Amino acid sequence: LDAMPSTLTPAAQLADIRARLTQIQADIDGLAAQTLPAADAIARLDAWIRDQSARFDPAHAARTFTTANSHLLHVCDARGGRQGENAVQVDLAPVLCGLFGPEIKRRLASVIENEAGTPGPSLAERPEILDRWNAELERLEREEEAIIRAAETAGERLARRPDARPEIVLAP
């Protein structure tokens, strides 16, 4: 980034740095919400379907038990969490993925591939982007603290941000 022009007052320099800090923090916070490229999204979908399929036990689902009037199949085993006095939450994902995983993947992959919009960075690129933004964030925070200290030395009091990191404020 460009060096701060020396003609600006410390308060104006601080306002500029804080605006840039806010923007970088918004970029960092928004990265996780950006759409993945189709290949990454489909790879995640595939991994999820495999994980859910592995939780499905066809041998258990095929066992029956008898009540007074009928034979019941364990396909929808209701070992889920209780939602209330008369309700149980059942997780059907393992059953559906175990029985129809390839079809679910094919249909959802088609939706992902046809999704409109510009995808964000790939999963492989995101750590490097975050590292770069975090380094810039730290550099700006240190510059912010230097301006505050220089202003204090000159007799001008400038307030620190309430969320200023102690390791930067207390650094020599």
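A short tour of the structure in this document, coming up.

About the cut-offs
Residues numbered from 1 in each chain as written. Predicted model: local features only at pLDDT ≥ 70, side-chain atom pairs only at ≥ 80, totals over all residues. Heavy atoms only, no water. Salt bridge = Lys/Arg side-chain N within 4 Å of Asp/Glu carboxyl O. Helix = DSSP H or I, 4+ residues; strand = E, 2+ residues; numbered from the N terminus. Buried < 20%, exposed > 50% of the residue type's maximum accessible area, 1.4 Å probe, protein only.

As for the pattern of salt bridges
What the rule picks out here adds up to 19 salt bridges. A salt bridge links Arg 20 to Asp 16; the nearest nitrogen and oxygen atoms lie 3.7 Å apart. Residue Arg 20 and its partner Asp 16 are located together in helix α1 (residues 10-31), separated by four residues, close to a single helical turn. Residue Arg 20 is classed as buried on the basis of its relative accessible area, which comes to 19%. Judged by its relative accessible area of 31%, Asp 16 falls in the partly exposed class. The residue Arg 161 makes a salt bridge to Glu 144 at a minimum N-O spacing of 2.8 Å. In this pair, Arg 161 sits in the loop between α5 (126-153) and α6 (166-169) while Glu 144 sits in helix α5, placing the two residues 17 residues apart along the sequence. Like Arg 161, the residue Glu 144 is buried in the burial classification. One network of salt bridges, in which partners are shared, links Arg 18, Glu 141, Glu 144, Arg 161, Asp 163, Arg 165 and Glu 167.

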